[in-house]
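Coordinate analysis (summary)
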Amino acid sequence: MARDYAPVSPVRTASWLVVTAAAVILLSAQGIGAQKVRVDEEVEAYPTESVDLRCEFNDGGGRTKLTQVSWIWEPIDGQRDNIAVYHPMYGQSFPNLSFKDRVVFLYNSLENPSIKISNLKMSDAGRYTCEYATYPSGNEQGTTTLVMLAKPKNSANVVTVQAGSKSVVVAQCEAADGKPAANIKWLASVGGNHSTTTTNGPDGTVTVRSEYRLVPTSADNGREVTCMVDQKTQERPWAYPVKLSVEYPPSVSIEGYDNNWYVGRSDATLLCMANGNPAPTTVTWTAASGALPDTVVVSGNKLTVRKVDDAVNTTFICEVKNKHGASRHQITTIVIEALEDPSSAGVVAGAVIGSLLALLLVVALIAVLLSRSRRQQRRGYPSSGESIATGSGGSNGGDYGNKARLLFSGTGNNSSKNGTGANNNGPIYTYREGCDATGTLTEKANDYHHHHLHHASIGNPPSAHDILLSGEIDEAERRKFDLDDSMEEEYDRFGGIGGGGNILPPAYHVHRGHGGEEEIDVYLDDDMESQRDGSVISRTAIYV
């Protein structure tokens, strides 16, 4: 099905073309006008400072004639105040009294009518329009927005509160008279929260306040919360730590008692340790038994017992107070018997033990010496009061440097058929090697009684006991005087001195001379062996 289209009128087409051309011409004129007046779109400034508002007319072809230029201030929408006018013939004019003496033209030129505003106020903020009166295009203008900035006055403070169970304000933070408005945050670890309020000033500034709240306890006293203020005029956020102040009644404890208050102890002390906010102003010491003992001295929170006795065997009470209340604590002191000074006891014990050890050592030494002396007397050694015979005597036989080789023989009751009697009086052969002789073999009578009588006829030479006590003999010489029980038994078996039966010669004498005096060394050895003919000889040669 075909459609019918109405024909287009030539008049209508021409009208549409005229409207379109007019719109294009108007837009072009507006664009050119906007480009002719050049200004800054926005300018920021601070109170008490100054600001330059620039304006310039740019006429590319020079076809526009400039008549006059004005600066118009719009603090709010709908209000226009002319603050500065320049006419090339009539000069400058400043009709607004609030800007008088604060506004000047930087250049006396219509092409560049820039102005300078000094001693700025927060109320100077707003829009400033640079407007030209021209011919033939009419008025041309450009607008600059002046933004006034204000650095806030930041502060933070603590609010002293009392410990309790309700949430209260414990810290405050404020950013006053700032523009634009500041942003406040809190950094804290005490688990509270905060609230913020804003107040606008008459000059366009803004004051922001924030409060930090929590349920305060004594443990929160002294903890820190930090207020942080962030605002456009600050290079970095402002931070301020605040220490909380929570007041609470005091708590008290007593220190210093060591459970060692013995009778006679001096200067025993107790300390009353109190903790509270504010600090306790009163400390009082009392005793449960009544008045404090006479030996007790109190100085503030310190109690001193000059001399411990049964009077301080009591309970001491310490009470402290501040404006929020009082608290007390008590401790029972027990007096014990006097203790001996550990240091003096150790000295006495050491002295006693040392004396006992010394006494035991002396007794043991005396016992050993007496025992040896008795054994020597039993076995034929002369005692300290007896004389010692040297036999034949002589200088050659008495030299201590001589060597004597001793042999003896004898007969007894138990001898073989060659036995001669009941008394063993066999000869003793002594081989003596002196300093001035090659050595001779001599015979000595083995008669003990004769030998003993002969000792008595000589002076009193050193006894065996004296020789043992002297430090002039070596270990080998000492062993000659150590006689064991086997020799004593052998001696008794042969009859002993004055006994019946066979008699073993009591000792083998080696004659040594020293300093003109003669001594006799007694030497017994248990290596003697009985012979079939009744004699007894040594299995090994003996040198002394």
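What counts as what
- Residues numbered from 1 in each chain as written.
- Predicted model: local features only at pLDDT ≥ 70, side-chain atom pairs only at ≥ 80, totals over all residues.
- Heavy atoms only, no water.
- Helix = DSSP H or I, 4+ residues; strand = E, 2+ residues; numbered from the N terminus.
- Buried < 20%, exposed > 50% of the residue type's maximum accessible area, 1.4 Å probe, protein only.
- Contact = heavy atoms within 4.5 Å.
- Areas by Shrake-Rupley, 256 points an atom, 1.4 Å probe, with all protein chains shown as cover.
- Disulfide = S-S within 2.5 Å.
- Core = buried A, V, L, I, M, F, W, Y, C linked by side-chain atoms within 4.5 Å.
- Pairing = 2+ DSSP bridges.
- Axes fitted to C-alpha atoms, helices over the stretch in contact; angles between N-to-C directions.
- Salt bridge = Lys/Arg side-chain N within 4 Å of Asp/Glu carboxyl O.
- Polar contact = N/O pair within 3.5 Å; in protein donor to acceptor, adjacent residues only side chain to side chain.
- Phe/Tyr/Trp six-rings, centres within 6.5 Å; stacked < 30°, edge-to-face > 60°.

**Structural notes on the overall build of the chain**
The secondary structure content of the chain amounts to 6 helices and 35 strands. The proportion of buried residues among the 544 residues of the chain is 34%. The long-range share in the chain, meaning contacts at least 24 apart out of those at least 6 apart in sequence, stands at 60%. Accessible surface, the chain: about 31,700 Å² in total, of which carbon and sulfur atoms supply 52%.

**Points about the state of the cysteines**
For the structure on display, the rule yields 3 disulfides. Across a sulfur-sulfur distance of 1.6 Å, Cys173 and Cys227 are joined as a disulfide pair. Disulfide Cys173-Cys227: torsion about the S-S bond near -65°, hence left-handed. On the criterion of sequence distance, the pair formed by Cys173 in strand 14 (residues 168-178) and Cys227 in strand 18 (residues 224-230) is long-range, its members being 54 residues apart. Here Cys173 falls in the buried class, since its relative accessible area comes to 2%. Here Cys227 falls in the buried class, since its relative accessible area comes to 0%. There is a disulfide in this structure between Cys272 and Cys318, and the S-S distance comes to 1.7 Å. The S-S bond linking Cys272 to Cys318 shows a torsion near -85°; that makes this disulfide left-handed.

**A word on the nonpolar core**
Counting residues in each nonpolar core, the largest one holds 29 residues, and the members touching the most others are Trp71, Ile117 and Tyr128. No other element matches strand 5 (residues 65-74), which puts 4 residues into this core. Sequence-distant contacts of Tyr128, that is, excluding residues within four places in its chain, are made with Leu53, Trp71, Ile72, Trp73, Ile83, Phe99, Ile117, Gly142, Thr143, Thr144 and Leu146. One finds Val170, Leu214, Val225 and Val242 within the second-largest nonpolar core, a separate group that totals 20 residues.

**Re the sheet that holds strand 9 (residues 115-117)**
With antiparallel pairing, the 3 strands of this open sheet are ordered in space as 3-9-8. Among the strands making up the open sheet, the edge pair consists of strand 3 (51-53) and strand 8 (103-105). For this sheet, the mean inter-axis angle between neighbouring strands, taken without regard to orientation, is 25°. The pairing of strand 8 with strand 9 spans 3 bridges and is antiparallel.

**Brief notes about the pattern of salt bridges**
Following the criterion strictly, the structure yields 15 salt bridges and no others. Close ionic contact of Asp177 with Lys153 constitutes a salt bridge, the shortest N to O distance being 3.8 Å. Separated by 24 residues along the polypeptide, Asp177 in strand 14 and Lys153 in strand 12 (residues 153-158) bring together distant segments of the chain. By sharing partners, the salt bridges in this structure join Glu74, Asp77, Arg80, Arg127 and Glu131 into a single network.

**With respect to the sheet that holds strand 24 (residues 296-299)**
Taken in spatial order, the 5 strands of this open sheet run 13-20-22-25-24, and their pairing is mixed. Of all strands in the sheet, those bounded by a partner on one side alone are strand 13 (161-162) and strand 24. Bridge count between strand 13 and strand 20 (residues 246-255): 2 bridges; the pairing is parallel. Bridging from a neighbouring strand, Gln162 pairs with Glu247 of strand 20.

**Comments concerning the side chain of Thr233**
Tracing the backbone through its elements, the reader meets Thr233 in the loop between strand 18 and strand 19 (238-243). A distance of 2.2 Å separates polar atoms of two side chains, one belonging to Thr233 and the other to Gln231. Not counting residues up to four positions away in its chain, the partners in contact with Thr233 are Tyr46, Leu149, Ala150, Lys151, Pro152 and Lys179.

**Quick notes on the environment of Lys36**
If you trace the backbone, Lys36 turns up in helix 1 (residues 10-36). Owing to a relative accessible area of 13%, Lys36 belongs among the buried residues under this scheme. Once the C-alpha coordinates of Lys36 and Glu140 are considered, the two residues, 104 residues apart in sequence, prove to be 7.6 Å apart. Not counting chain neighbours up to four residues away, the residues in contact with Lys36 comprise Glu56, Phe57, Asn58, Asp59 and Thr64. A distance of 3.3 Å separates the side chain of Lys36 from the side chain of Thr64, its partner in a polar contact.

**Here's the deal with the packing of aromatic side chains**
Applying the stated criterion across every chain, the model contains 10 aromatic pairs. Taking 5.9 Å as the distance between ring centres and 55° as the angle between the ring planes, the aromatic pair formed by Tyr86 and Phe105 counts as tilted. In this pair, Tyr86 sits in strand 6 (residues 81-87) while Phe105 sits in strand 8, placing the two residues 19 residues apart along the sequence. The class for Tyr86 is buried, based on a relative accessible area of 10%. The buried category is assigned to Phe105, whose relative accessible area is 8%.

**A word on the pairing of strand 14**
Pairing analysis gives 6 bridges linking strand 12 to strand 14, with the strands arranged antiparallel. Note that in strand 14 the partner of Asn157 across the bridge is Gln172. Both strand 14 and strand 17 (residues 206-214) contribute to a ladder of 8 bridges, which runs antiparallel. Bridge pairing in strand 17 links Cys173 to Ser210.

**A few points about unusual backbone geometry**
Lys179 connects to Pro180 through a cis peptide bond whose omega is 0°. When you line up the elements, Pro180 lands in the loop between strand 14 and strand 15 (183-188). For Thr48, which is not a glycine, the phi torsion comes out positive at approximately 75°. Topologically, Thr48 is positioned in the loop between strand 2 (42-45) and strand 3. Even without being glycine, Asn259 reaches a positive phi, approximately 60°. When you line up the elements, Asn259 lands in the loop between strand 20 and strand 21 (261-262). Residue class for Asn259 comes out exposed when judged on its relative accessible area of 59%.

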